[in-house]
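Chain residues, written in single-letter form:
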Amino acid sequence: MTRPALAAFCLAFAMPLAAQQTMPPAPFAYRQLEDPAQEAAAQELMETLRCLKCQSQSIADSDAPMAGDMRHQVRIRVAAGESPDEIRSWLIQRYGDYVSYKPAVSATTWPLFAIPLLLIAVAGAILLRRFRKRA
Amino acid sequence: MIAELGLAALWLAAALAALQMIAGFLALRAGNASELAALIRPAAIVQGVLVTFSFAMLVWLFAITDLSVKLVASNSHSLKPLVFKLSGTWGNHEGSMLLWVMVMGLAGALIALVERRLPERTMNATLAAQGVVSLGFYAFLLLSSNPFERLPVPAAEGMGLNPLLQDIGLAFHPPTLYLGYVGLSVAFSFAVGALLTRQVTPDFARAMRPWVLAAWIMLTIGITAGSYWAYYELGWGGWWFWDPVENASLMPWLAATALLHSASVLASRDALRTWTIMLGVVAFSMSMVGTFLVRSGILTSVHAFAVDPERGTFILVLLGIFIGGALLLFALRANTISEGERFALASREGALVFNNVMLSAILAIVLLGTLYPLLTEAFDVRVSVGPPYFNPVGAIFAIPMFAVMAVGPLLRWREDRIDRIGKEVALTAALVVAALVLTSLLTEIGLLPLLGLAFGIGLAVASWLPLRGRNLARTPLATWGMVVAHFGIAVALIGMASESAFTEERLAAIEQGDTATVGLWTVVLEGVEPVAGPNWTAVQARLSAHYGDGEARELTPQSRNFWAPPQQTTESALATRWNGQLYAVVGDRSPDGRWQLRLWWKPFVTLIWYGGLLIALGGLLALIGRVLTDLRHRRLAARIAERRADREALA
């Protein structure tokens, strides 16, 4: 129920009303790429990048100018032939791991991947124990 | 005066909660003979009345915009429409916590009033547990979040309510969710009461079940409504973000779903005793974790939380006491409660256990993904966990669950053979495989949407199979409820898969009179004009949209500017067809005079929320069925008692 409050927080900080008079200098913030395959790749990537000025919104879901700038960057880089993975690591280099919604296995994130594996083992063990006894 | 009345009622209610707790525990120690036991039910009822009165006073203060009250001054505005003044009561921290304790008080009053199935000792323990939980939240409200605080000097004008919250959908979203959260507190109290008196019986499950069902229905509606709200209000067509706030409502739902099924097994088969108790504790714990996440401010920033920790720490301590206490009690008592009846893997209980384990695993994943970033942030390492994590990892457990869900309801209790239902299994499997093959041949589609679509289609058919060979007029309402709810899951799943696989997007900058196309839609920008509302002004685009050769429909998306507080929002416009929705948003104007339009064609997106509503409807059918059966039993028991009395009188 505070998602709107968060979104509002994001808007309030990101959008001074005066900024509306001019278009943002990033033409590809609100323009799609001509090639549908490239646009689809860009879209898929944008949905997994965090809008840094917002709370829990991807740059594909935000009106914040910074999200617009990042969409522009993603689109022109995709158009220039960079792969989504390259663009993601470029952005991570610039803004840190925080910008990517897709955590990679690293020293700080390994529990995110180890615990699900553990869960599979635990779930399997619970089920085995329950149903073996009587067999 | 009104504020003081409300505050006094709140203190009195807190005192009664304390009485309910103390009398309950003393009566429990003394056994049934204690006279104190007679106090417990009335205390719970009066407490419910008082806290409701207190909440009504706060609503009144908001209705008349009494600016001498701090909460009203900082969250309301005299120019707001009345309905948003009223909904503003719970659109803030203090008010929503008062709503929370009011719902809890009402729930406590209701069980005190109507629940007579359980042994009186268990009821006393249950109400005592309810007293403990309520008292904790009263303390939180009165000591750190007093909603009735006055300002030394009344404010000249209120600060206003966040414009995003000034929406009719959102006005009723928090109360529904809270009803769900707090309804689970009753399940928690029942579980603690049953543990204290070691009375984990089918009767206990039957007494608890309607509460779990009701809470679960409310959570389902709350989540569905919240998702639709995010979809049309945020202006980008997203309907689920794996945002911590959303996860906070999803986690109790997952736990309640598991609890519901396990309570059903306990009620009809006297099996899964400890498992049901455990889930009862976990479900409400998830509600409290959700409240902590949303209310402590920890989501805005872990560091902000550490700087001003008063409220957050209070909830965290409460959380620790309640969850820790309940788990400790569970650990001490669990070994004195036997597991109950046995059953084979290929049985309905077996399928339910499998799916309960899967639901619990999904719950653990959501909890992990939600808390882990907060944990690392405390050590100054910031990571983001989003859809690319939750979707595939959740699917590992969700896909087997859907498969078992399709066949489970067809199995018999206790022991069965899969080959008895061979035909049904083959039909479902054939449907899933056919959908897999056809969809992957015909379109380019990601793995997850593909699986979602295939299992959705298989499940949509399989969910109706339990009705085969039954006399439909004599099928119990609860069975209908199950069928409808399972069908709802399938419908929602198809909607989600279709939305993520087939959505088409068009970002266009066009002049008046120009057209843009998306999917089979053609959209003409007829004009752009200014409009004004009670507390906003807006730029409104007039679009005429037609699907294929169909009739033109007028759409009017707006870009609104609110002035208290100053903020811009987008009001999307939707054109709904049976096979999907056109979603239109108007953006800024570029220097050359063209208008930014964002258009999406989302095939079958509406199925997501229709599915949600079907799930809730299924729950409602089951609830009505259970309550009617219970009433019938009560009447029957009363008649038998009457006859026996007659016979004795004759003798």
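Because the structure is a prediction, the values reported are computed rather than measured. (Residues numbered from 1 in each chain as written. Chains lettered and ligands numbered in written order. Predicted model: local features only at pLDDT ≥ 70, side-chain atom pairs only at ≥ 80, totals over all residues.)

1. Looking at the overall build of chain B
Then, number 1: When you go through chain B residue by residue, the secondary structure sums to 18 helices and ten strands.
Then, number 2: Dimensions of chain B, computed from C-alpha atoms along their principal axes, come out at roughly 95 × 75 × 60 Å.
Then, number 3: Split into buried and exposed, the 651 residues of chain B put 53% on the buried side.
Then, number 4: Summarising the internal contacts of chain B: among those between residues at least 6 apart in sequence, 75% fall at separations of at least 24. (Helix = DSSP H or I, 4+ residues; strand = E, 2+ residues; numbered from the N terminus. Buried ≥ 20, exposed ≤ 12 C-beta atoms within 10 Å, placed from the backbone. Contact = placed C-beta atoms within 7 Å.)

2. Focus: the environment of B:Tyr583
Residue and element names in this part refer to chain B.
Then, number 1: You can see Tyr-583 is positioned in strand E9 (residues 580–589).
Then, number 2: A tally of 26 C-beta atoms within 10 Å means that Tyr-583 is categorised as buried.
Then, number 3: With residues up to four places along the chain from it excluded, the contact list for Tyr-583 reads Gly-237, Ser-572, Leu-574, Trp-600 and Lys-602.

3. Observations regarding the interface of chain A and chain B
Then, number 1: Contact residues are listed per partner, giving 46 residues for chain A and 52 residues for chain B.
Then, number 2: Elements supplying a minimum of two residues to the side of chain A that touches chain B: helix H1 (3–14) and helix H5 (110–132) of chain A.
Then, number 3: For the side of chain A that touches chain B, the leading source of residues is H5(A), giving ten residues.
Then, number 4: Residue composition of the side of chain A that touches chain B, grouped by class: 24 nonpolar, twelve polar and ten charged. (Nonpolar A, V, L, I, M, F, W, Y, C, P; charged D, E, K, R; others polar.)

4. Things to note about helix H17 (residues 477–502) of chain B
Then, number 1: Under the 1.5 Å per step criterion, the end-to-end length of H17(B) is 37 Å for 26 residues, consistent within 8% with the ideal 38 Å.
Then, number 2: Counting buried residues along H17(B), 20 of its 26 residues qualify, which places the element largely inside the surrounding structure. (Expected span 1.5 Å × (residues − 1).)

5. Thoughts on the confidence of the model for chain B
Residue and element names in this part refer to chain B.
Then, number 1: A residue-level look at chain B finds 97% of positions with pLDDT of 70 or above and a mean pLDDT of 89.
Then, number 2: Predicted confidence in chain B is weakest over helix H11 (residues 302–307), with a mean pLDDT of 57, and strongest over H17, with 95.
Then, number 3: Across the predicted assembly, pTM comes out at 0.91 and ipTM at 0.81. (pLDDT = per-residue confidence, 0-100.)

6. Quick look at the nonpolar core
Then, number 1: The biggest cluster of nonpolar side chains holds 208 residues, and the ones touching the most others in it are B:Ala187, B:Val212, B:Ala255 and B:Ala256.
Then, number 2: With 19 residues, the single largest contributor to this core is helix H8 (residues 202–233) of chain B.
Then, number 3: Excluding anything up to four places from it in sequence, B:Ala256 contacts B:Leu184, B:Val212, B:Ala215, B:Trp216, B:Leu219 and B:Ala283.
Then, number 4: In this structure, A:Ala29, B:Ala516, B:Val523 and B:Val586 belong to the second largest nonpolar core, which totals 26 residues. (Core = buried A, V, L, I, M, F, W, Y, C linked by C-beta atoms within 7 Å.)

7. Regarding the sheet that holds strand E1 (residues 504–510) of chain B
Residues and elements named next belong to chain B.
Then, number 1: The antiparallel open sheet is built from four strands, whose spatial order is E1-E10-E9-E8. The two strands at the open ends of the sheet, each matched to only one other strand, are E1 and strand E8 (573–577). Ignoring strand direction, the axes of neighbouring strands in this sheet form an average angle of 15°.
Then, number 2: Two elements, E1 and strand E10 (residues 595–603), share seven bridges in a ladder whose sense is antiparallel. In the strand pairing of E10, Glu-504 is matched with Trp-601. (Pairing = 2+ DSSP bridges. Axes fitted to C-alpha atoms, helices over the stretch in contact; angles between N-to-C directions.)

8. Notes on helix H2 (residues 37–63) of chain B
Then, number 1: Compared with an ideal rise of 1.5 Å per residue, which puts 27 residues at 39 Å, H2(B) spans 40 Å between its outermost C-alpha atoms and is within 8% of the ideal.
Then, number 2: Positive backbone phi, at 45°, marks B:Thr65, one or two positions downstream of H2(B).

9. What to know about the environment of B:Trp229
Then, number 1: Tracing the backbone shows B:Trp229 in helix H8.
Then, number 2: Counting along the chain gives 61 residues from B:Trp229 to B:Ile168, while the straight-line C-alpha distance between them is 9.5 Å.

10. With respect to the domain arrangement of chain B
All names here are of chain B.
Then, number 1: In terms of domains, chain B is made up of domain 1 (1–160) and domain 2 (504–603).
Then, number 2: For domain 1 versus domain 2, the separation of C-alpha centres amounts to 45 Å.
Then, number 3: Facing six residues of domain 1, the contacting portion of domain 2 comprises four residues.
Then, number 4: For the side of domain 1 that touches domain 2, the per-class residue count stands at three nonpolar, two polar and one charged. (Domains from an automatic or database assignment.)

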